[in-house]
Amino acid sequence: MIMTTEYILSEVKNGVLVITINRPDKLNSLNRQTIEELHEVLVDAENESEIKAVIITGAGQKAFVAGADIAEFANYSVEQGRQLSSNGHFKIFNFIENYSKPIIAAVNGFALGGGLELAMACHIRVVSDNAKMGLPEVSLGVIPGYGGTQRLAQLVGKGKAFEMIVTADMITATDAYKWGLANYVTTQEEILNKCFEITSKIASKSPTAIKTAIKVINAGYNNSVNGYEVEIEEFGKSFGTGDFKEGVSAFLEKRKADFKGN
Ligand code: COA
């Protein structure tokens, strides 16, 4: 059962879990409780077979997520800072990147610091034309600690990532699209519809194959494994799944596949 909690609104629509980070008076910044609640909702949704994809967005018209909660970490020690980063990676950022179902960030406004890092951990980003994105941490005397130093370069290339991180500049939705940070740019009104257009395609495909594809794509960014080797193994394993039997039979019988995710 998907729960709505203090800072997280959850709604399942046509097999898609829409998560809204709901702290608009603090521009949806991520405090410890929000991170815990988001983690719990995602854990629950992973076990619900009728949920085929997830959309994450921010409450209100102004922000997706304006970063980690600065007030909360203002007096942290070195060890607490390390813990903040490590807990975030484990509960949200790496967790989302390696999630078994596609997660789309609907970036409906400011995505700064941890907010951009959250969007970048998601598999796909749809950005509204009012959005501003950046990693402003060096303005605060810290560095991005939720994967930003790694994932920004993967998406926009090392040169632009260096520029964005060391200048702390925000970029527009148009620039984000140009640099590969945004898959699509829409109006704020259309952003969820665009996400649903993408999730409706995902929902008709094999959940088993999609889960494997996410794992193998991510393997290519993991220095401790050879992505090509992982692909060979996982490609082979897919021939043993129910979804493979169903997908191929449906094609040969000229009918629509009815995937069971097995
Ligand atoms: N952490 C905690 N609170 C935050 C926050 C954050 N990352 N971002 C915004 N807020 C709070 C503000 O403190 C303010 O709270 P208040 O009304 O109780 O004073 C409220 O959200 C509204 O923000 P405000 O700054 O008044 O809005 P603005 O339109 O003037 O500016 C931003 C918008 C996004 C440019 C500005 O809020 C900002 O720079 N935020 C911090 C971004 C950042 O550095 N993130 C990285 C963190 S590591």
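Residues numbered from 1 in each chain as written. Predicted model: local features only at pLDDT ≥ 70, side-chain atom pairs only at ≥ 80, totals over all residues. Heavy atoms only, no water.

1. Considerations on the overall build of the protein chain
Stated precisely, the cut-off is as follows: Starting at the N terminus, helices and strands are each numbered in turn, a helix being any DSSP run of H or I of at least four residues and a strand any DSSP run of E of at least two. Radius of gyration: C-alpha atoms only; globule rule: 2.2 Å multiplied by the number of residues to the exponent 0.38. Every residue pair with non-hydrogen atoms within 4.5 Å of one another is taken to be in contact. For the accessible areas, the method is Shrake-Rupley and the probe is 1.4 Å, while residue cover comes only from the protein chains on display.
Helices and strands together make up the secondary structure of the protein chain, namely eleven helices and ten strands. Computed over the C-alpha atoms, the radius of gyration of the protein chain is 19 Å, within 12% of the 18 Å expected from 2.2 N^0.38 for a compact globule of 262 residues. With the C-alpha coordinates aligned to their principal axes, the bounding extent of the protein chain is approximately 60 × 40 × 35 Å. The contacts in the protein chain between residues at least 6 apart in sequence include a share of 68% that link residues at least 24 apart. A total accessible area of about 13400 Å² is found for the protein chain, and carbon and sulfur atoms account for 56% of it.

2. What about the state of the cysteines?
Threshold: Any pair of cysteine sulfurs within 2.5 Å is marked as a disulfide.
With the rule as written, the count across this model stands at zero disulfides. The cysteine Cys122 is free of any disulfide, with Cys195 supplying the nearest cysteine sulfur at 9.9 Å.

3. Points about the sheet that holds strand 2 (residues 16-21)
Here is the rule: Think of it this way: DSSP has to see at least two bridges between two strands before they count as a pair. Inter-axis angles, ranging from 0 to 180 degrees, are taken between N-to-C directions of lines fitted to C-alpha atoms, where helices are fitted over the stretch in contact.
Strand order in the open sheet formed by six strands is 1-2-3-5-7-10, with mixed pairing between adjacent strands. Taken across any chain shown, the strands that pair with only one partner, and hence form the sheet edges, are strand 1 (8-13) and strand 10 (184-186). Each strand axis lies, on average, 20 degrees off the axis of its neighbour in the sheet, ignoring direction. Where strand 3 (residues 53-58) and strand 5 (residues 103-107) come together, four bridges link them in parallel fashion. Opposite Thr57, over in strand 5, you have Ala106 as the bridge partner. Of the strands in this sheet, strand 1, strand 2, strand 3 and strand 5 touch helix 1 (residues 32-46), which is tilted by about 175 degrees from strand 2.

4. Brief notes about the packing of aromatic side chains
Note the following rule: Here a pair means two rings of Phe, Tyr or Trp (six-membered ring of Trp) with centres within 6.5 Å. Their orientation is stacked below 30 degrees between planes, edge-to-face above 60, and tilted elsewhere. Ring-over charges, as used throughout, are those where CZ of Arg or NZ of Lys falls within 6 Å of the ring centre and within 35 degrees of the ring normal.
Taken as a whole, this structure holds four aromatic pairs when the rule is applied. Aromatic pair Phe235 and Phe239: ring centres 5.1 Å apart, planes at 70 degrees, arrangement edge-to-face. Cation over ring: Arg23 sits above Tyr7, and NZ or CZ is 5.3 Å from the ring centre. Sitting over the ring of Tyr184, Lys194 keeps its end group 4.2 Å from the ring centre.

5. Overview of the pattern of salt bridges
Stated precisely, the cut-off is as follows: Every case where a carboxyl oxygen of Asp or Glu lies within 4 Å of a side-chain nitrogen of Lys or Arg is listed as a salt bridge. Exposure is judged per residue with a 1.4 Å probe applied to protein chains only, and the accessible area is read against the type maximum: over 50% gives exposed, under 20% gives buried, and values in between give partly exposed.
Under the definition given, this model contains twelve salt bridges. Glu79 is the partner of Arg82 in a salt bridge, and the nearest nitrogen-oxygen pair spans 3.5 Å. On the criterion of helical spacing, the pair formed by Arg82 and Glu79 is a turn pair, its members being three residues apart in helix 3 (residues 78-97). Residue Arg255 is joined to Glu253 by a salt bridge in which the shortest nitrogen-to-oxygen separation is 2.7 Å. What makes Arg255 partly exposed here is its relative accessible area of 36%. Assessed through its relative accessible area of 52%, Glu253 is described here as exposed. Each member of the salt-bridge network shares a partner with another, and the members are Lys215, Glu234 and Lys237.

6. What about the site of the ligand?
How we decide: Working definition: residue near molecule or strand if any one of its non-hydrogen atoms lies within 4 Å of it. Polar contacts, as counted here, are pairs of nitrogen or oxygen atoms within 3.5 Å of one another; within protein the pair requires one atom able to donate a hydrogen and one able to accept it, and residues that are adjacent in sequence qualify only if both atoms are side-chain atoms.
Taken together, 15 residues sit near the ligand, with Lys26, Lys62, Ala66, Ala68 and Ile70 positioned nearest. Between the ligand and Ala66, the relevant distance is 3.0 Å, taken from a nitrogen atom to a main-chain nitrogen or oxygen of the residue. Contact distances for the ligand include 2.9 Å between a nitrogen atom and a backbone N or O atom of Ile70.

7. A short note on the domain arrangement of the protein chain
Applicable threshold: These domain boundaries are the output of an automatic or database domain assignment. A quick way to say it: buried area is the sum, across both parts, of accessible area lost when two parts are put together, with a 1.4 Å probe. Residue polarity follows a fixed list, in which Ala, Val, Leu, Ile, Met, Phe, Trp, Tyr, Cys and Pro are nonpolar, Asp, Glu, Lys and Arg are charged, and the others, Gly among them, are polar.
As far as domains go, the protein chain holds domain 1 (8-203) and domain 2 (207-252). For domain 1 and domain 2, the distance between their C-alpha centres works out to 26 Å. Listed as interface residues are ten residues of domain 1 and, on the opposing side, six residues of domain 2. Both sides together, the interface formed by domain 1 and domain 2 hides about 580 Å², and carbon and sulfur atoms give 66% of it. On the surface where domain 1 and domain 2 come into contact, there are zero salt bridges. Taken together, domain 1 and domain 2 are joined by two residue pairs in polar contact (both at pLDDT 80 or more). When the residues that make up the side of domain 1 that touches domain 2 are grouped by side-chain class, the tally is three nonpolar, four polar and three charged.

8. Observations regarding unusual backbone geometry
Phi is positive for Asn14, which is not a glycine, with a value near 50 degrees. According to the relative accessible area criterion, Asn14 is exposed, its value standing at 76%. Phi is positive for Leu27, which is not a glycine, with a value near 50 degrees. Examined against the element boundaries, Leu27 turns out to sit in the loop between strand 2 and helix 1. For Leu27, a relative accessible area of 25% puts it in the partly exposed group.

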